[in-house]
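# Summary of structural features
What follows is each chain in one-letter form.
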Amino acid sequence: MNLEERSINAVRMLSVDAIEKANSGHPGLPLGAAAFTYELWANHLSINPDDQKWINRDRFVLSAGHGSAMLYSLLHLFGFGLTIDDLKAFRQVDSLTPGHPEYKHTNGVECTTGPLGQGIAMAVGMAMAEEHLAAMYNKDDLKLIDHYTYVVCGDGDLMEGVALEAISLAGTLNLNKLIVLYDSNKITIEGSTDLAFREDVVKKFEACGWCTREVSDGNNLMEINEAINSAKNDPHPTLIKINTKIGYGSPVANSSKAHGSPLGADNLKATKEYFGYSEEPFHVDEDVYENIKSHVENKKIIYEGWKRVEQLYKEKYPEEYKNLMDVYENKKKEAFLNEEDFYSFDKDLATRANSGEIINRIANKVNYLFGGSADLAPSNNTHMNNSSNFSAEDRLGNNINFGIREHAMGAITNGILLHGGLRSYCGTFLVFSDYMKPALRLASLQMLPNIFVLTHDSIGVGEDGPTHQPVDQIPMLRSIPNMIVFRPADGFETAVAWKVAMNSTSTPVCLILTRQKLKRLNSSINACKGAYIIKKEEGELEKIVIASGSEVSIALEAAEGLKGVRVVSMPSMELFEAQPAEYREEVLPSNIEKRISVEAASTFGWAKYVGLKGVSIGMESFGMSGPGPEVFEYFRITSSRIREELEKL
């Protein structure tokens, strides 16, 4: 057995030892996929453990995130700082080796994966970012951005709808530096993939515009190497289908028993005997470490060559280099976000229209905004007028046409942010945020400041009826940890929302915007604090009306002429909760128990602010079709209803 094969076996055995010690995990993928993944890491992947955030590194995405033990074994062997003790702590509380890979938690993990299909979709975003940045910054004499995005996926990934959405768009955009290595072992938890998955995957990818390769034996390093080299030279994104055996080398190989349970002591012993490997847990021969170290040293030679290019670029194009690095390192603090013109509008508009103007105000000042809509740009006003559309023919375009692919859109824009060097946003109707909930959740989990423009925010949608009138989506979004939900009441508050979003470095922001026109109000920059007094009470404070979005103007109308009534605009519960207790008490004094909340959505969540003695005016059912103002009247989300409730209090 040669040194490369023994190195592959080290990946396998470290993985199954970690799983056995944890008594939890997925040994099937590491045993079956270690050979082709090791070949990729050793001889193709451009990385440098001494500069792990090197901007021109190749990106590696383990979309089949349940195979995390294999990734941790590779990160240990290739010098990314994981120790044997870290591998021994696999799946334990507060360890660096959690059950699925977590971005910003473990060095070398490019994105959080585990929910199948998400990794492929985020990788598409990474590949798009690479192409766009290369077009923006590369010069004829100096290529600053020039790298690949590699994905390891399994059968389960390719069953998920989000994967097909992303694969289709990647083919349309001809992302030729995207290479997917498909671990085709034909087994899922319930048994053979034939139970539910019989299509020809290769033909499906070809139909989507991909080049394809097939490796007959997932342990044949020469065949794997040739396929990867060929993929690098293909003019299209490439799928490499690699035929493997799940749990290869173990007594449970080629069965569903290998997928998600430890091998057990007897099977582990038999597996180590099959590979001729030491029975000592977590054992690695010293010459294996040295072999992998030699591969890393070769990678560092490539890295040093790039560093010379970087230095020349920095000297020759200093402003462009600084702009790229400032965005990449989240150092951009744009002064224009504080200028008066940024917040001003000369007429009443729907907040979706306000947002569209603001997007263009930003795009006219910066070059790093990269986003678009799920085939709704004319409706949710997400188009940047000073730029073309990103396409297979035009890599410089800042506008992205995602097509009707909300789920992939959310994941792809996450991937753009994960790549670095750009700020992404995406847009759809609020009701369709349901389609991209997993991507919204992963944006929050990964602490990505993605911007989600969600328009047509209430029963004000009107004639399209209950299928398009969101009533339950805002509470859903508010329930996600590390998510800012901002529902502005007018153009000024919409500009504040965009300022919050652009300045965020670790929290995604959902902008909840109207279809219908709203009046300009006496709004305040204190909207950035999540809530503020938009109408101070006359005389002694007795009652408080709290509203968001389009209902703020209704609340103001209701309070007109009433003594002792304060109106609070609360565009963001999350931002308000982040304020000091003194400010929160100033806005909502705890001794004032007579309170009303008003929001044209589910009332779920408002009890926190109105208390047991308060009233929440909102939706307790789905909406109905009809002109927006009439629908508001039908459900009694009106100023007269607010006045009635104030009198009852």
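Chains are numbered independently. Their residues run from 1 in the order of the written sequence. Local features are withheld for residues below a pLDDT of 70 in this predicted model, meaning they are given only at 70 or higher, and side-chain atom pairs are given and counted only at 80 or more; totals for whole chains, interfaces and linings count all residues. Hydrogens and water molecules were not included; the side-chain quantities draw on all heavy atoms of the structure.

Space inside and on the surface of the protein is sampled on a 1 Å grid over the protein atoms alone, with a cavity defined as a set of points where a 1.4 Å probe fits but cannot get out and a pocket as an open set with protein on both sides within 12 Å along at least 5 of 7 lines; lining residues have an atom within 4 Å of a point. Grid points are joined across faces, edges and corners, and a volume is the space filled by probe spheres set on the points. Summed over the entire model, instances satisfying the criterion amount to two cavities of 30 Å³ or more. By volume, the largest cavity amounts to about 160 Å³. The wall of the largest cavity is formed by 15 residues, among which Asn330, Lys332, Tyr368, Arg423 and Met502 lie closest to the centre. What counts as a helix is a DSSP run of H or I of at least four residues, what counts as a strand is a run of E of at least two, and both are numbered from the N terminus. Of all the secondary-structure elements, those providing two or more residues to the lining of the largest cavity are helix H12 (318-328) and helix H18 (491-503).

Within the largest apolar cluster, 156 residues are counted, with the highest numbers of intra-cluster contacts made by Leu477 and Trp498. Per-element accounting of this core gives the leading share, 13 residues, to helix H5 (residues 118-137). The contact criterion used is simple: two residues touch if any of their non-hydrogen atoms lie within 4.5 Å. Residues in contact with leucine 477, not counting those within four places in the same chain, are Leu430, Leu440, Leu454, Met483, Val485, Cys510 and Ile512. Core analysis: the next-biggest nonpolar cluster, separate from the first, contains 64 residues, Leu40, Leu62, Leu74 and Tyr148 among them. Put simply, a nonpolar core is a bunch of buried Ala, Val, Leu, Ile, Met, Phe, Trp, Tyr and Cys residues held in one set by side-chain atoms that sit within 4.5 Å of each other. Accessibility here uses a 1.4 Å probe with only protein chains present; expressed as a share of the type maximum, an area under 20% marks a residue as buried, one over 50% as exposed, and anything in between as partly exposed.

What follows is about the domain arrangement of the chain. One frequently used descriptor of interface size is the decrease in accessible area upon assembly of the parts. According to the domain assignment, the chain contains domain 1 (3-299), domain 2 (335-512) and domain 3 (527-648). Between the C-alpha centres of domain 2 and domain 3 there is a distance of 25 Å. Each side of the interface is counted separately: domain 2 has 24 residues, and domain 3 has 33 residues. When the two sides are added together, the surface that domain 2 and domain 3 hide from each other amounts to roughly 2,200 Å², 59% of it contributed by carbon and sulfur. Using a 1.4 Å probe, buried area is obtained as the accessible area two parts lose upon being combined, added over both of them. Contact with domain 3 buries area across many residues of domain 2, yet Ile459, Arg478 and Arg487 alone supply 31% of it, more than any other trio. The split into domains, and so the bounds of each, comes from an automatic or database assignment of domains.

A word on the packing of helix H1 (residues 3-22) against helix H11 (residues 286-316). Inter-axis angles, ranging from 0 to 180 degrees, are taken between N-to-C directions of lines fitted to C-alpha atoms, where helices are fitted over the stretch in contact. Direction vectors running N to C along H1 and H11 enclose 100°, while the axes themselves pass 9 Å from each other. With respect to H11, the element H1 is oriented roughly perpendicular. Counted together, Leu3, Glu4, Arg6, Ser7 and Ala10 of H1 and Asp287, Val288, Asn291, Ile292 and His295 of H11 form the full contact between these two elements. Any residue that is not Ala, Val, Leu, Ile, Met, Phe, Trp, Tyr, Cys, Pro, Asp, Glu, Lys or Arg is counted as polar, Gly included; the first ten are nonpolar and the last four charged. Of the residues in the contact of H1 with H11, the class split is four nonpolar, three polar and three charged. For this classification, under 35 degrees means roughly parallel, over 145 means roughly antiparallel, 65 to 115 means roughly perpendicular, and everything else is oblique.

This next bit is on the packing of aromatic side chains. Each pair of aromatic rings is reported with the distance of its centres and the angle of its planes. Put simply, two rings from Phe, Tyr or Trp (the six-membered ring, in Trp's case) pair if the centres are within 6.5 Å, and we call them stacked under 30 degrees between planes, edge-to-face over 60, tilted for the rest. Summed over all chains, the structure comprises 24 aromatic pairs. Ring plane angle 85° and centroid distance 5.3 Å describe the contact between phenylalanine 370 and phenylalanine 390, whose orientation is recorded as edge-to-face. Within this pair, whereas phenylalanine 370 is found in strand S9 (residues 369-373), its partner phenylalanine 390 is found in the loop between helix H14 (377-380) and strand S10 (399-401), the two being separated by 20 residues in sequence. The two residues phenylalanine 370 and phenylalanine 390 agree in class, both being buried. Every member of this aromatic cluster is reached through a ring pair, and the members are Tyr38, Trp41, Phe60, Phe78 and Phe80.

Turning to helix H10 (residues 265-274), a few remarks are in order. Among the residues of H10, those classed as buried are Leu268, Thr271 and Lys272. Down the axis of H10, the buried set is contained in an arc of 95°. They therefore lie on one face. Within H10, the exposed residues directed more than 90 degrees away from the buried face are Asp266 and Glu273. Looking at the buried residues of H10, the elements they touch are H1 and helix H2 (28-43). Note: the arc covers the axis-to-C-beta directions of the helix.

Moving on to unusual backbone geometry. Even without a glycine there, the phi angle at lysine 104 is positive, about 70°. Mapping lysine 104 onto the fold places it in the loop between helix H4 (84-88) and H5. A residue is classified by how much of its surface remains accessible, and lysine 104, at 46% relative accessible area, is partly exposed. Positive phi, normally seen in glycine, also occurs at histidine 456, with a value near 55°. Along the chain, histidine 456 falls in the loop between strand S12 (451-455) and helix H17 (473-478). Take histidine 456: its relative accessible area is 5%, and that puts it in the buried class.

UniProt positions are given in the numbering used here, feature names are shortened, and annotations may be inferred rather than shown by experiment. Per the UniProt record, the feature "site: Important for catalytic activity" (unreviewed entry) sits at His26 and His259. The greatest C-alpha distance among the annotated residues, which extend across 234 residues, is 5.4 Å, indicating that they converge on a single site. Following the sequence through the fold, histidine 26 ends up in the loop between H1 and H2. Overall, the relative accessible area of 14% leaves histidine 26 in the buried class. When near neighbours in sequence (up to four residues on either side) are disregarded, histidine 26 contacts Ile19, His66, Arg91, His259 and Gly260. Residues in contact with histidine 259, not counting those within four places in the same chain, are Gly25, His26, Pro27, Gly28, His66, Ile189 and Ile246.

In this scheme, strands are said to pair when DSSP sees at least two bridges between them. What the five strands build is an open sheet, ordered S1-S2-S3-S7-S6; its pairing is parallel. Every other strand in the sheet has two partners, leaving strand S1 (59-62) and strand S6 (211-215) as the edge strands with one partner each. On average, each strand axis in the sheet is inclined to that of its neighbour by 15°, with strand direction left out of account. Here strand S2 (residues 149-154) pairs with strand S3 (residues 178-184) via six bridges, running parallel. Looking at the pairing, cysteine 153 lines up with tyrosine 182 of S3. Helix H9 (residues 221-232) rests against S2, S3, S6 and strand S7 (238-243) of the sheet, and its axis sits at about 175° to S6.

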